[in-house]
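# Examining the three-dimensional arrangement
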Amino acid sequence: MDIAWIYGLIGGLVIGCGGAVLLLGTGRIMGASGIVGGLVDGSGTDRRTTIAFLVGLIGVPALLSLAGWTVATQTTSQIWLLTLGGLCVGIGTRFANGCTSGHGVCGLSRFSLRGLVATLTYIAAGALIVAALRMGLGL
């Protein structure tokens, strides 16, 4: 059996621990889209925490890559599709008032009904889009 699933497990544990550290250290709930959005639109209250979060979010994978640790992905090489996907995710997180890290990881761990509904909606929408792209465009 291929053990590539372990990377997802480790990533999930790291995200969960990061959310717990942010909540216990600052009292804020970790939601990547809210943190990044607060920096972009100026609504963020603690710029130092926001910048530290972003440095870690970008810097740790960069350091691991420089150290030679990489993970094979199934990402498409079509830049237009990546851009469109990124825009859809960004717009969707604004409509949902949060992203999978805020609603899925932190919301579900706090037994939030809103987090559950948002997470189920993300999963259903993702499954429908993947099915549509595979059948419609052959991607």
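The present account deals with the structure reproduced in this document. Chains are numbered independently. Their residues run from 1 in the order of the written sequence. Predicted model: local features are reported for residues with pLDDT of at least 70 only, side-chain atom pairs are reported and counted for 80 or more only, and whole-chain, interface and lining totals are derived from all residues. Side-chain metrics rest on all non-hydrogen atoms present in the structure, leaving aside hydrogens and water.

Let us look at the overall build of the protein chain. Each helix corresponds to a stretch of at least 4 residues labelled H or I by DSSP, and each strand to a stretch of at least 2 residues labelled E; elements are numbered beginning at the N terminus. Within the protein chain, the regular secondary structure consists of six helices and zero strands. The N-to-C order of helical and strand elements in the protein chain reads α-α-α-α-α-α. Overall size of the protein chain, expressed as C-alpha extent along the three principal axes, is 45 × 40 × 30 Å. Burial classes follow relative accessibility: with a 1.4 Å probe on protein chains only, a residue under 20% of its type's maximum area counts as buried, one over 50% as exposed, and anything between as partly exposed. Classification of the 139 residues of the protein chain by burial places 18% in the buried group. Throughout, a residue-residue contact means that at least one pair of heavy atoms, one from each residue, lies within 4.5 Å. Pairs at least 24 apart in sequence give 37% of the contacts found in the protein chain among residues at least 6 apart. Every accessible area reported is derived by Shrake-Rupley at a probe size of 1.4 Å, with residue values counting cover from the shown protein chains alone. As displayed, the protein chain has an accessible area near 10100 Å², and 73% of this comes from carbon and sulfur atoms.

Side chains of Tyr7, Val60, Leu64, Trp69 and Val71 sit close together on the surface and give an oily, nonpolar patch of about 440 Å² of accessible area. Locating valine 71 in the fold gives a position in the loop between helix H3 (47-66) and helix H4 (79-95). The exposure class assigned to valine 71 is partly exposed, which follows from its relative accessible area of 40%. Patch membership requires more than 30% relative accessible area and the absence of a salt bridge. Residues of like charge join within 9 Å; the nonpolar side chains Val, Leu, Ile, Met, Phe, Trp and Tyr join within 5 Å. Each salt bridge in this description consists of a side-chain nitrogen of Lys or Arg and a carboxyl oxygen of Asp or Glu lying within 4 Å of one another.

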